[in-house]
Structures are given as structure tokens and as C-alpha cells.
Amino acid sequence: FIVIAILLLSGTVAGAQRVLIKNIYVDGRVYYSAELGKERRKDVQCFDMLNLGVSGAFSDFCDYNFRVQFAPKFPYYVRMDFCYLNLKMTENSSITVGKYAELIGGDEFDAMPIDVYYWSEFCRSLYHGYGVGAILNYNISKSQKLTFQICESPVSPERFSAIAYNLYWNGRFAPFCKTIW
């Protein structure tokens, strides 16, 4: 529904301007597996997933971002990981609505799953990493941002059964020190 809203708003929010696409990317994951049996070796090569991402802006104060994931092994598997619209209210504040990453963790949760070799019990018990909701962003300075998020809870087994309220601070004090709280 967000993609349809973006397309409908493109004419009204941006004053009937065309949608500007800033970035389109495609990435995939291929793996190779070898099983050694008693009598012979079984080699498997598999194209695991394909991602299509698009980001752009309707105007100076309205931008969007979404990513769709396809799994060739399962022909009917198409998932929209995230899809959100960001509206800039002032120079230092904005509102984001749509499906966005749950702002609940540090380095382990924010890393790509392929880069995490051992998940903690907390991350393994999450039901999803992206949730539908709204976010209020405030830039404290050029290198620090405070974010308040209201979304569906990642620890609730049923979608939309519990609401999470997350306060997230992201800051950089030096070129070598970036924190997530």
C-alpha cells in the first residue's frame, strides 16, 4: 500500500513533478555447498536470493526508499523488506512512515545476517526485523541524531498485536567513534 501511496503522492506532494529516482540496485546471493558421503561427493550450487532496491525523492522535503526480495528457489516468494516515505518538516526534523527496520539493537542486530556468525538469544527470538510504523527524527547536530519509533513489536508472535516504542540515538564524536544506543 505504501508504494501505491508514493505513486499517488508524487503528483500532489511534489507539485506534479516527476518522481526522481536517485538509486536503483540489484544484488543477489549465490552459495556453493559440498557434501562428502561414503561413496560419492555431492556438490550443490544455488542462487539463493535476489534483491531489487529503489530510492529517490519527490521534492527537497519528500523522499522514499524500498527493497523487494525474490527467492528463485520458491517461485511465489516475494517479500518487501522495507518501504518507507520520509517527510522533512524542518531543517533538523523529519517524519518517516512505512515499513522500517526495528531500532532495537546495536552492532549484532544492525549487521547483515550473513555477517553474523553467532546470534544471541535475544536476536534469535525476534519474530521480524522490520515493522510497520512511524518515526520522528531529530538531528541534534550534524553528527548526532535522536529517533523515536512507534511500530509493531518484534518480540510479539502475532503481527500488530503489540506495539513497541523505541528511542534510538546515533552519534559520531570523532572519525573513528560512531555509537548506536
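Our subject in this report is the structure included herewith.

Conventions adopted
- Residues numbered from 1 in each chain as written.
- Predicted model: local features only at pLDDT ≥ 70, side-chain atom pairs only at ≥ 80, totals over all residues.
- Heavy atoms only, no water.
- Helix = DSSP H or I, 4+ residues; strand = E, 2+ residues; numbered from the N terminus.
- Buried < 20%, exposed > 50% of the residue type's maximum accessible area, 1.4 Å probe, protein only.
- Contact = heavy atoms within 4.5 Å.
- Core = buried A, V, L, I, M, F, W, Y, C linked by side-chain atoms within 4.5 Å.
- Pairing = 2+ DSSP bridges.
- Phe/Tyr/Trp six-rings, centres within 6.5 Å; stacked < 30°, edge-to-face > 60°.
- Salt bridge = Lys/Arg side-chain N within 4 Å of Asp/Glu carboxyl O.

## Some points on the overall build of the protein chain
Line of reasoning, step 1. Scanning the protein chain for helices and strands turns up 3 helices and 9 strands.
Line of reasoning, step 2. When the helices and strands of the protein chain are placed in sequence order, the string is α-β-β-β-β-β-α-α-β-β-β-β.
Line of reasoning, step 3. For the protein chain, the proportion of its 181 residues judged to be buried stands at 33%.
Line of reasoning, step 4. At a minimum sequence separation of 6, the contacts of the protein chain that also span at least 24 residues come to 43%.

## What about the nonpolar core?
Line of reasoning, step 1. One finds Val 54, Phe 58, Cys 62, Tyr 64, Phe 66, Val 68, Cys 83 and Leu 85 forming the largest nonpolar core, which totals 8 residues.
Line of reasoning, step 2. No other element matches the 4 residues that strand β3 (residues 62-70) contributes to this core.

## So, the pairing of strand β6 (residues 130-141)
Line of reasoning, step 1. For strand β5 (residues 93-101) and β6, the ladder comprises 9 bridges, and the chain directions are antiparallel. Pairing of Ser 94 across the sheet is with Asn 137, part of β6.
Line of reasoning, step 2. Bridge count for β6 against strand β7 (residues 144-152) is 8 bridges, and the pairing is antiparallel. Bridging from a neighbouring strand, Ala 134 pairs with Ile 150 of β7.
Line of reasoning, step 3. What sits between β6 and β7 in their antiparallel hairpin is a turn of 2 residues.

## Some words on the packing of aromatic side chains
Line of reasoning, step 1. Following the criterion strictly, the structure yields 5 aromatic pairs and no others.
Line of reasoning, step 2. Look at Phe 82 and Tyr 84: their rings are 6.1 Å apart centre to centre, the planes differ by 35 degrees, and that puts the pair in the tilted class.
Line of reasoning, step 3. The exposure class of Tyr 84 is buried, given its relative accessible area of 15%.
Line of reasoning, step 4. Aromatic side chains Tyr 84 and Tyr 100 sit 4.8 Å apart centroid to centroid with 70 degrees between the ring planes, which places their arrangement in the edge-to-face category. With Tyr 84 in strand β4 (residues 78-88) and Tyr 100 in strand β5, this residue pair connects regions lying 16 residues apart in the sequence.
Line of reasoning, step 5. Of the residues examined, Tyr 100 reaches a relative accessible area of 24% and is grouped as partly exposed.

## Section: the pattern of salt bridges
Line of reasoning, step 1. Considering all chains together, one arrives at 3 salt bridges under this definition.
Line of reasoning, step 2. Asp 81 is the salt-bridge partner of Arg 67, the closest N and O atoms lying 2.7 Å from each other. Of the two residues, Arg 67 sits in strand β3 while Asp 81 sits in strand β4, which places them 14 residues apart along the sequence.
Line of reasoning, step 3. Given a relative accessible area of 3%, Asp 81 falls into the buried group.

## Some points on the side chain of Ser 55
Line of reasoning, step 1. Here Ser 55 is to be found in strand β2 (residues 41-59).
Line of reasoning, step 2. In this structure Ser 55 touches Ile 21, Lys 22, Asn 23, Tyr 64 and Asn 65, once residues within four positions along its chain are discounted.

Interpretation in functional terms is not warranted from these geometric data alone.
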